Amino acid sequence: MRVYIELVFLDNFAMDYLLLYTVGKCWWPAPSRMRCVGSALLGAIYAVIAPLRGWTFLLHPAVKVLMSMGLVGLAYRPRTWPSFFKRFAAFWALSLLAAGALMGAGALAGSLMVSGGLLVMSGPPLWVALLVLWGVFTGGHKLFYALKRRAAALPQSVVVELLWQEKRVEIPGLVDTGSQLHDPSTGQPVILLPRGVLSGLEEVTEQTAAALSLVLARIPYHTIDGPGWMNGFYHKDVTLRYQARVQTLQAVLAFVPDGKVNRAIVPAQACIDWLGGAE
């Protein structure tokens, strides 16, 4: 069997780039395209070197897992372990879907073969492989957002609880399926609080933050009126409640600009873990 190294390189580069790009479309904040390109290049180089004589130990499953962890870490630079494992799990789920689809395309092309052990090779033309990958990743992306919509199809009203100055504060909340407001440095969702619930913090400044031992966050936003920035502060213990559903998370707290809003606005992304929660 003759294998062309340039096709191996292009095939793996395309697959790694599409994998990383699709994972970034699912879990914000998405990485820059240059980071995706750099990680995909590293993955393609690994795919070329691993089968060479003297380097076959790189084909061990443990090494592949470590390599994929490196690609995800390099592309996304996640700040917390939960955010890393979310992206890592999405990366592998899409990889398995793509591998199965490519083997099916290889079988249809008449070039499916067992290369030893559990390894199966498929050789569809590169343009077919790219179409298959595009279809898999588009479908995977749509499936992910279908699951997110199901998770967001919770009762719109929730209770937001937070500990403030040794007191437990409860605020009626609204799950907003259209809000993607988040802190770009940590990926934490931004919960907008109505004014007056935390007296004196409507306008957070560096001076008030230092006096109250708060860590400030600068949050970019974009609305129909255009882009802007708002001040917020990190909070480690925010609890969302609805009947038997309880979720505790880290979030950034900010204040709604309109004083007439009397409920906290919670991005649907903050509720995604409720998908498998109690009914």
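Here is what the cut-offs are and how they apply
Residues numbered from 1 in each chain as written. Predicted model: local features only at pLDDT ≥ 70, side-chain atom pairs only at ≥ 80, totals over all residues. Heavy atoms only, no water. Helix = DSSP H or I, 4+ residues; strand = E, 2+ residues; numbered from the N terminus. Buried < 20%, exposed > 50% of the residue type's maximum accessible area, 1.4 Å probe, protein only. Areas by Shrake-Rupley, 256 points an atom, 1.4 Å probe, with all protein chains shown as cover. Patch = residues over 30% accessible without salt bridge, like charges linked within 9 Å, V, L, I, M, F, W, Y side chains within 5 Å. Salt bridge = Lys/Arg side-chain N within 4 Å of Asp/Glu carboxyl O. Contact = heavy atoms within 4.5 Å. pLDDT = per-residue confidence, 0-100. Phe/Tyr/Trp six-rings, centres within 6.5 Å; stacked < 30°, edge-to-face > 60°.

This brings us to the overall build of the protein chain. From N to C terminus, the protein chain includes six helices and nine strands. The proportion of buried residues among the 279 residues of the protein chain is 39%. Surface summary for the protein chain: the accessible area is close to 15,800 Å², and the carbon and sulfur share equals 63%.

So, on to a nonpolar patch on the surface. On the surface, a cluster of nonpolar side chains totalling about 470 Å² of accessible area is made up of Ile 45, Ile 49, Leu 52, Trp 55 and Phe 57. Summarising the element assignment, Ile 45 is placed in helix α2 (residues 33-49).

With respect to the helices and strands, the residue Ser 95 is situated in helix α4 (residues 81-108). Ignoring sequence-local partners within four residues, the contact set of Ser 95 consists of Met 15 and Leu 19.

This part covers the confidence of the model for the protein chain. Here the protein chain averages 77 in pLDDT, and 81% of its residues register 70 or above. The least confident element of the protein chain is strand β2 (residues 119-121), whose mean pLDDT is 48; the most confident is strand β5 (residues 190-193), at 90. Confidence drops under pLDDT 50 across residues 114-120; counting only partners more than four residues distant or on other chains, this segment forms seven contacts. Per-residue pLDDT stays below 50 along residues 275-279; that stretch engages in seven contacts with residues further than four places along the chain or on separate chains.

A separate point is the packing of aromatic side chains. Counted under the stated rule, the structure contains six aromatic pairs. Seen from their ring centres, Phe 13 and Tyr 17 are 6.4 Å apart, and the 20 degrees between their planes marks the pair as stacked. Note that Phe 13 and Tyr 17 are positioned in helix α1 (residues 5-26) at a spacing of four residues, about one turn of the helix. Residues Phe 84 and Phe 88 carry aromatic rings whose centres are separated by 5.9 Å and whose planes lie at 10 degrees to one another, so their mutual orientation is stacked. Placement of both Phe 84 and Phe 88 in helix α4 is noted, with a separation of four residues, approximately one turn of the helix. Each member of the pair, Phe 84 together with Phe 88, is buried. Among the aromatic residues, those joined into a cluster by ring pairs are Trp 81, Phe 84, Phe 85 and Phe 88.

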